[in-house]
Each structure stands twice: as C-alpha cells, then as structure tokens.
Amino acid sequence: MYDNNYLVSRLRIASVGREDAVFLADHQTGERVTYGAFFANCEKMAAALVADGLKPGDRVAVQAPKTRAMLELYVGAVLAGGVFLPLNAAYTAAEVSYFLSDAAPRLLVCDPEAVEALEPVAEDCGVQKILTLAADETGTMADARDAQSSGFAAVARKSDDLAAILYTSGTTGRSKGAMLTHRALASNSETLREYWHFTSDDVLIHALPIFHTHGLFVATNITLMAGGSCIFMARFDAEAIRDHMPNATALMGVPTFYVRLFATPGLAKASRNMRLFVSGSAPLLAETHNKWRAVTGHAILERYGMTETNMNTSNPYDGDRRAGTVGFPLPGVEVIVTDPDTGQEMPRGEIGVLEVRGPNVFAGYWQMPEKTAEELRDNGFFITGDLGCIDEDGYVNIVGRSKDLIISGGFNVYPKEIELVIDDLDGVVESAVIGVPHGDFGEAVVAVIVPEPNSDLTAEGVQASLLGALAKFKQPKSLIFVEELPRNTMGKVQKNELRKKHAGLFSS
Ligand code: AMP
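The notes below deal with the structure included here. (Residues numbered from 1 in each chain as written. Predicted model: local features only at pLDDT ≥ 70, side-chain atom pairs only at ≥ 80, totals over all residues. Heavy atoms only, no water.)

What follows is about the nonpolar core. Grouped together as the largest cluster of nonpolar side chains are 112 residues, with contacts concentrated most on Trp-196 and Met-252. Contacts of Trp-196, omitting those with residues within four sequence positions, involve Val-218, Ile-222, Met-252, Arg-275, Leu-276, Val-278, Leu-301, Arg-303, Ser-314 and Tyr-317. One finds Met-179, Trp-366, Ala-447 and Phe-473 within the second-largest nonpolar core, a separate group that totals 39 residues. (Core = buried A, V, L, I, M, F, W, Y, C linked by side-chain atoms within 4.5 Å. Buried < 20%, exposed > 50% of the residue type's maximum accessible area, 1.4 Å probe, protein only. Contact = heavy atoms within 4.5 Å.)

See the structure below:
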C-alpha cells in the first residue's frame with residue numbers, strides 16, 4: 001500500500017491485512033483507534049490538503065496540542081507529498097513568526113485558542129490558510145478531513161525527497177530547519193525497531209510531545225513500523241503512566257520522566273511486566289539509572305540522538321546497558337571523535353567532537369547553505385557539537401556540549417536567546433544565562449544579571465517582562481543579581497565559573 005510513497009509505505013507495511021488491530025488507545029477515554037481507522041483518516045487528511053491546493057514539497061506547519069488528529073495530519077501531509085513542520089506548542093506568536101517567515105509554509109494548523117494571535121503573523125508571512133486542531137480532536141482541519149472520503153492515492157515521493165523539517169534552536173538566536181528525508185526517517189525507525197525488538201505485541205506508553213524527534217519519529221514511527229499499539233497521553237502524568245504499566249510493554253522518556261516516576265508509590269509492582277524503558281534527549285544521570293534498576297529491576301536503555309540525525313547510538317538490548325554512556329553506534333551509523341581544532345580523528349578514549357555519518361543524517365539546513373557547509377562535511381559526516389569519547393569497549397560517552405546548550409526537562413534552551421531579551425530590558429547592563437543541575441528538570445535555566453547602578457530592577461519585574469517574550473520552558477527558574485560577571489583575559493564571560501558557583505542552587 002502507498003508503494004510509491006517511500007516513508008508512508010514503510011509505516012504501513014506491518015499493519016496491512018491487520019486493519020482491526022489497535023494502533024492507539026486514548027489514555028483517558030480508553031477509546032481505541034484501529035490501524036484501518038487511523039490510515040483512513042490519514043488518507044482523508046491528505047485528500048483535504050490536496051483539495052486545498054497543497055503541492056509536493058509544500059510545507060505544512062503545525063502548532064497544536066498533542067492529539068491523534070495531529071498524528072493523522074503528520075502521516076497525511078507526507079502521504080500528500082508535503083513536508084511536515086511541527087512547532088513546539090509553547091512558542092509565542094513572536095517566536096512562531098520567525099519559523100513561518102523562514103519556512104514559508106502553505107498552511108498553518110494551530111490551536112483554535114491561538115488563532116487570534118497567529119492570524120496576523122501568518123498573514124504577514126504569506127501563509128495562505130489557517131486551520132485549527134483543538135485538544136479535544138475538533139477544529140476546522142478535522143472538519144476538512146471529515147468532508148473527504150478515504151481511498152486517497154498516495155503522492156509519489158522518493159527516498160531523498162523531504163518528509164519533514166524540524167527546527168533546532170540556534171546559538172545566535174536563529175533557529176535552523178533540519179531537512180529530513182523519507183529515507184532518513186524510515187531507515188532510522190527500521191533500525192531502532194529491530195535493535196529494540198519492537199513487534200506487533202508491543203504496547204508503548206506514548207507520553208512525549210509530538211513536535212520533537214523523540215515523540216514524533218522515534219515513538220510513533222517505531223510503533224507504526226512494528227504494527228504495535230500505543231497508549232496515547234496528551235502530556236506526561238507520572239501516576240497515570242504507573243497505572244498504565246501493567247497493560248503496556250515499553251516506555252520512552254526523557255530523564256525527567258524517570259526522576260518524577262520515582263515519587264509514585266507502587267512503581268516496582270506496576271513495572272513488573274514491562275520489557276523496555278528507553279531514555280534520551282538529555283543526559284540520564286548514572287544515579288537515576290542505578291536507582292531505577294534498584295527500584296524496578298529494569299536497566300533503562302539510554303540512547304543518543306538529535307533533531308538533525310535522528311538516533312545515533314544506543315545501549316544494547318541484550319547485553320550491558322552502562323549507566324552514564326549512550327551505548328554503541330546503531331547498525332549502519334558511524335560515529336567518530338575528532339579534534340575540534342583540526343578536524344582529525346582522535347585516538348580511542350580521547351575526548352573530542354562527536355561526528356556522525358549514516359542514512360539517518362539530515363539533508364542540510366533549510367535555506368542555509370553556509371551553515372550546512374559548516375556542519376555537514378563533504379564526506380558525509382555531521383559535526384554534532386557534542387563533546388565525547390568512545391571507550392575501549394566501544395561505548396560512546398557524552399561529556400558535555402561544545403555550545404552552551406541547556407537542556408531543561410528535555411527541551412533545548414540556548415542561553416544567547418534569553419540573554420538578548422534580558423539585556424534589552426531597562427536597567428540591565430548585561431547577563432549570562434547558564435544551566436544548573438536540577439533534580440526534576442535535569443538542568444534549570446538560571447540568569448545571572450548585572451543591573452545598572454541604582455536601578456530599581458527586581459527579580460519579579462524581570463520575570464514579568466519575560467513572560468510574553470519567551471516560551472515558558474526558556475524562562476529562568478532563578479535570577480541572580482551580581483555587580484560584575486567573571487571574565488577571562490580575553491574578555492570572555494567564564495560560564496564554567498558561574499556554573500560551578502551556582503551548582504548547588506537547587507540541591508536540597
Ligand atoms: P535535540 O535536537 O532536541 O534532540 O537535542 C539534541 C541534543 O540533545 C544532542 O546534541 C545532545 O547534546 C543531547 N542529547 C540527546 N540525547 C542525549 C543523551 N542520551 N545524553 C546526553 N545528551 C543527549
């Protein structure tokens with residue numbers, strides 16, 4: 001089915017002839033959606049998009065609550081030859097305007113509650129139409145779907161055509177659109193399905209957001225490719241996850257999930273029949289790994305990936321899942337460690353920049369040929385920006401990030417973007433934004449601010465000014481006022497010193 005469409009044919013193949021098998025069960029209502037019903041709706045979504053004028057290669061931007069309909073729209077957009085472009089639901093209208101002007105999507109699908117704020121922004125960016133999808137699965141996009149019949153003939157797309165663009169944050173405040181081909185997505189999910197032993201018997205607890213590679217591609221594509229099912233949760237809820245465990249086999253999460261799950265009583269009993277716990281998107285503390293094993297008897301399987309590359313490495317399914325490591329390069333994926341200055345490959349065990357090559361790697365940054373050339377070498381290796389080493393047993397260890405990326409609750413936060421907003425406020429001389437260890441979020445965003453002498457700047461005042469300017473996950477959890485920032489002889493702010501000094505801010 002859909003043979004001419006590289007990705008969707010592969011997402012469909014495991015469920016052909018199993019139309020009545022359950023793909024997704026709503027975690028609250030218990031409503032079950034079969035594979036037959038899901039793909040019929042994907043076809044209707046595709047038909048609605050094409051009826052609306054969507055041409056192959058057109059972008060479909062979506063900033064909407066996590067719903068089944070949004071998954072139908074993802075698969076439908078790809079089936080229609082389009083390029084799916086999901087946006088973090090927390091982005092403000094001001095932030096969304098950058099993505100719309102950069103990606104020039106034909107269509108924006110958003111939460112009905114956001115239409116008023118997004119309409120003028122979309123109009124300015126030349127978006128031709130806004131449709132809606134609400135948290136309760138209703139909206140004008142759902143109506144357009146329901147007005148169509150199933151039986152849509154898939155639009156032909158080859159392996160190197162684009163299926164999606166996912167934006168990463170940029171250190172200079174400019175995000176980059178990672179262009180992901182049909183092959184990159186399909187090959188990575190196929191590899192992971194095999195590596196992690198997913199089959200049609202699996203029931204995945206799906207509690208990750210679907211605007212990010214982890215929840216959208218890893219969790220969803222693997223389930224579809226295995227012909228398994230998922231318990232679909234609109235958001236993370238520790239107690240509900242624990243309650244679903246006896247009816248599930250696998251959970252994919254960010255480290256914060258596991259830290260929070262410890263607080264739920266009865267975890268050991270609930271998790272008894274689960275077969276797999278996966279963690280990624282941020283470093284899982286060895287302490288969390290060890291505690292999880294002690295409490296539940298399961299060793300969390302940690303993997304490493306990124307928006308541009310999908311997944312690169314994974315701890316083994318059978319074998320030693322080593323705490324504090326991200327395991328081995330996946331089959332078909334090469335990982336090397338290079339000298340940040342010379343680009344030469346480094347000897348085993350030495351720390352350098354991780355570079356990755358394989359069918360999983362993106363095709364470049366959307367309309368940014370110079371950036372693409374800087375980070376994607378002619379020989380196919382992508383310079384990840386992560387610092388790490390490969391130990392004598394072949395396990396990859398990530399020791400830090402060469403850029404000052406903060407990962408809070410699984411979300412990437414680039415300090416520069418926040419510093420620019422804070423520095424713009426009246427009464428601020430300058431600021432430095434750092435990530436500080438936080439038991440719950442992994443890292444918390446902390447802003448160290450130098451106020452003008454005699455200014456009446458207050459923490460509350462700064463926080464209030466940031467509310468409309470930055471998504472919630474980027475807002476500092478703590479503001480520290482200082483007379484001056486520590487600098488080295490070259491005048492560079494020494495963030496390492498700040499991180500060291502404030503490392504204990506959130507420890508109890
Ligand atoms: P994203 O593009 O949002 O998926 O973020 C990718 C970045 O998250 C990577 O470049 C790493 O810095 C970080 N990351 C992902 N998985 C892990 C992991 N298991 N351990 C440490 N860092 C990770």
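We now examine the environment of Tyr-365. Looking at the secondary structure, you find Tyr-365 in the loop between strand S17 (352-357) and helix H13 (369-375). In this structure, the C-alpha to C-alpha distance between Tyr-365 and Arg-106, residues 259 residues apart in sequence, is 19 Å. With residues near it in sequence (within four places) discarded, Tyr-365 still touches Lys-176, Gly-177, Ala-178, Met-179, Glu-308, Lys-371, Thr-372, Glu-375 and Phe-382. A polar atom in the side chain of Tyr-365 sits 2.6 Å from the side chain of Glu-308. (Helix = DSSP H or I, 4+ residues; strand = E, 2+ residues; numbered from the N terminus. Polar contact = N/O pair within 3.5 Å; in protein donor to acceptor, adjacent residues only side chain to side chain.)

At a closest axis distance of 13 Å, the pairing of helix H3 (residues 68-79) and helix H8 (residues 213-226) adopts a crossing angle of 80°. The angle between H3 and H8 falls in the class roughly perpendicular. When H3 is examined against H8, the residues Leu-71, Tyr-74 and Val-75 are found in contact with a partner set consisting of Leu-216, Phe-217, Thr-220, Asn-221 and Leu-224. Broken down by class, the residue content of the contact of H3 with H8 amounts to 6 nonpolar, 2 polar and no charged. (Axes fitted to C-alpha atoms, helices over the stretch in contact; angles between N-to-C directions. Parallel < 35°, antiparallel > 145°, perpendicular 65-115°, else oblique. Nonpolar A, V, L, I, M, F, W, Y, C, P; charged D, E, K, R; others polar.)

For H3, with 12 residues, the first-to-last C-alpha span of 16 Å sits near the 16 Å given by 1.5 Å per residue. Along H3, the residues classified as buried are Arg-68, Ala-69, Met-70, Leu-71, Glu-72, Leu-73, Tyr-74, Val-75, Gly-76, Ala-77, Val-78 and Leu-79. Just downstream of H3 lies Gly-81, where phi reads positive at about 85°. (Expected span 1.5 Å × (residues − 1).)

An order of S2-S1-S10-S9-S11-S12-S13-S14-S15 is seen for the 9 strands of this open sheet, with the pairing classed as mixed. Because the sheet does not close on itself, it has two edges, and the strands there are strand S2 (32-34) and strand S15 (328-329). Sheet topology places strand S1 (residues 22-26) next to strand S10 (residues 229-232); 3 bridges connect them, and they run parallel. Of the residues in S10, the one forming a bridge with Asp-26 is Phe-232. Lying over the sheet, H3 contacts S1, S2 and S10, oriented at roughly 145° with respect to S1. (Pairing = 2+ DSSP bridges.)

This structure, assessed with the given rule, holds 22 salt bridges. The residue Asp-161 makes a salt bridge to Arg-157 at a minimum N-O spacing of 3.7 Å. A relative accessible area of 15% places Arg-157 in the buried class. Arg-322 is paired through a salt bridge with Asp-320; the nearest N and O atoms lie 3.0 Å apart. Owing to a relative accessible area of 28%, Arg-322 belongs among the partly exposed residues under this scheme. Members of the salt-bridge network, linked through shared partners, are Glu-31, Arg-68, Glu-72, Arg-145 and Asp-146. (Salt bridge = Lys/Arg side-chain N within 4 Å of Asp/Glu carboxyl O.)

No statement about biological role is implied by the geometric values presented.
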